[in-house]
Amino acid sequence: MNCKLFILTVLFTTVTWVGTGFWTGCIQAEAADKTITMFIPDTNWPPYIMDDPYLPDGGVFVEVLRAVAEPLDYKIKVMRLPNRRGWMMLEHGKIDVHPKAMKWVPNATDFLWTDPFMQSEDVLIYAAETPLKYTSPKDLYGKSVATIKDFAYPVLEPHFGPNKIRRVRSVSPYSMLGLLAIGRVDAAVVNRAETQWLMRTKPELSPERFVLDETPCDSADYRFAFTKKGNWEPFIQKFNTVLNAMKQDGRLEAILNKYR
């Protein structure tokens with residue numbers, strides 16, 4: 001082999017190796033980018049967030065995101081984080097997505113939002129033998145109403161106080177139902193999906209003793225908030241297309257019905 005031919009052979013082999021490594025690196029990078037990291041609060045909040053080995057889908061939030069994203073060839077990674085830390089990481093692009101209602105986020109325009117996938121409803125629950133009829137907060141004047149102690153209720157907040165609604169603060173939905181069962185309060189404000197799950201999974205509550213009002217006190221649409229630090233706009237367009245198809249053909253409703 002002459003000198004020129006030898007040099008050309010070496011150069012060709014080197015370029016081939018480098019090129020192979022380059023494209024392999026690209027393929028690996030693209031595969032890594034096909035993971036969506038969602039943060040959820042470090043808590044157990046059925047049916048939205050569930051840490052239960054017998055229910056491996058992880059609750060409504062995780063299952064819906066996975067059902068929409070996997071047909072688009074994305075995998076879902078879930079991180080449980082303190083709420084404040086999770087939002088900071090989302091804002092700075094360290095996390096990709098979080099489920100929330102836009103109306104609950106003061107700086108909502110700092111994020112990219114999908115179409116809504118379910119509605120959160122705050123409703124009143126009464127003892128079956130003494131049901132009330134709710135059309136507006138004034139229907140509750142003179143009544144005692146149990147609420148979660150640290151929660152804000154924007155619609156009802158102006159109506160709590162002397163000669164209005166007597167607010168009784170409680171630590172959990174389960175304890176609110178206990179107060180209602182023994183007649184300590186006239187009603188309780190609960191999340192409809194959460195209470196339906198409690199009634200379904202805790203027969204000791206005797207669901208027949210209670211009535212959930214059909215009219216919500218307040219409601220909000222859950223969406224997925226994506227960070228603006230990544231190029232998520234094209235994905236969100238595809239996400240919304242798949243989500244809309246799931247609404248139309250009943251797949252989304254089938255997921256939600258699993259938790260009702």
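That block above? That's the structure.
Reading the values: rules and limits
- Residues numbered from 1 in each chain as written.
- Predicted model: local features only at pLDDT ≥ 70, side-chain atom pairs only at ≥ 80, totals over all residues.
- Heavy atoms only, no water.
- Salt bridge = Lys/Arg side-chain N within 4 Å of Asp/Glu carboxyl O.
- Helix = DSSP H or I, 4+ residues; strand = E, 2+ residues; numbered from the N terminus.
- Buried < 20%, exposed > 50% of the residue type's maximum accessible area, 1.4 Å probe, protein only.
- Axes fitted to C-alpha atoms, helices over the stretch in contact; angles between N-to-C directions.
- Parallel < 35°, antiparallel > 145°, perpendicular 65-115°, else oblique.
- Contact = heavy atoms within 4.5 Å.
- Nonpolar A, V, L, I, M, F, W, Y, C, P; charged D, E, K, R; others polar.
- 1 Å grid on protein atoms, 1.4 Å probe; cavity = no way out; pocket = protein on both sides within 12 Å on 5 of 7 lines; lining within 4 Å.
- Points joined across faces, edges and corners; volume = space filled by probe spheres on them.
- Phe/Tyr/Trp six-rings, centres within 6.5 Å; stacked < 30°, edge-to-face > 60°.

A. Region of interest: the pattern of salt bridges. Applying the stated rule across the entire model yields seven salt bridges. One salt bridge connects glutamate 121 with arginine 192, and the closest N-O pair in it is separated by 2.5 Å. Pair noted here: glutamate 121 is in strand 5 (residues 118-127) and arginine 192 is in helix 5 (residues 192-201), with a separation of 71 residues, a long-range link. Arginine 192 carries the same exposure label as glutamate 121, and that label is buried. Linking arginine 251 and aspartate 249 is a salt bridge whose minimum nitrogen-to-oxygen distance equals 2.8 Å. For arginine 251, a relative accessible area of 38% translates into the label partly exposed. What makes aspartate 249 partly exposed here is its relative accessible area of 46%.

B. Broad picture of the packing of helix 4 (residues 173-181) against helix 5. Where helix 4 contacts helix 5, the axes come no closer than 11 Å and their chain directions differ by 75 degrees. Considering their axes alone, helix 4 and helix 5 lie roughly perpendicular with respect to each other. Residues Pro173, Tyr174 and Leu177 of helix 4 form the contact with helix 5, whose participating residues are Glu194, Leu198 and Met199. Counted by class, the contact of helix 4 with helix 5 contains five nonpolar, no polar and one charged residues.

C. Structural view of the layout of surface pockets. If you add up the space inside the largest pocket, you get close to 910 Å³. Those elements that place two or more of their residues in the lining of the largest pocket are strand 3 (97-101), strand 5, helix 4, strand 8 (187-191), helix 5 and strand 10 (218-226). For the lining of the largest pocket, the leading source of residues is strand 10, giving four residues. Within this model, the second largest pocket holds a volume of roughly 280 Å³. Of all the secondary structure elements, the ones that give two or more residues to the lining of the second largest pocket are strand 5, helix 5 and helix 7 (251-257).

D. Examining the packing of aromatic side chains more closely. Tallied over the full model, the rule gives 19 aromatic pairs. Ring geometry for tryptophan 45 against tyrosine 48: centres 4.4 Å apart, planes inclined by 35 degrees, an arrangement best described as tilted. By relative accessible area, tyrosine 48 is classed as buried at 0%. Ring centres of phenylalanine 117 and phenylalanine 224 lie 4.4 Å apart, and the angle between their planes is 15 degrees; this geometry places the pair in the stacked category. Within this pair, whereas phenylalanine 117 is found in the loop between strand 4 (112-113) and strand 5, its partner phenylalanine 224 is found in strand 10, the two being separated by 107 residues in sequence. The same class applies to phenylalanine 117 and to phenylalanine 224, which are both buried. In this structure an aromatic cluster arises from ring pairing among Trp45, Tyr48, Phe61, Tyr74, Trp104, Phe117, Tyr222, Phe224, Phe226, Trp232, Phe235 and Phe239.

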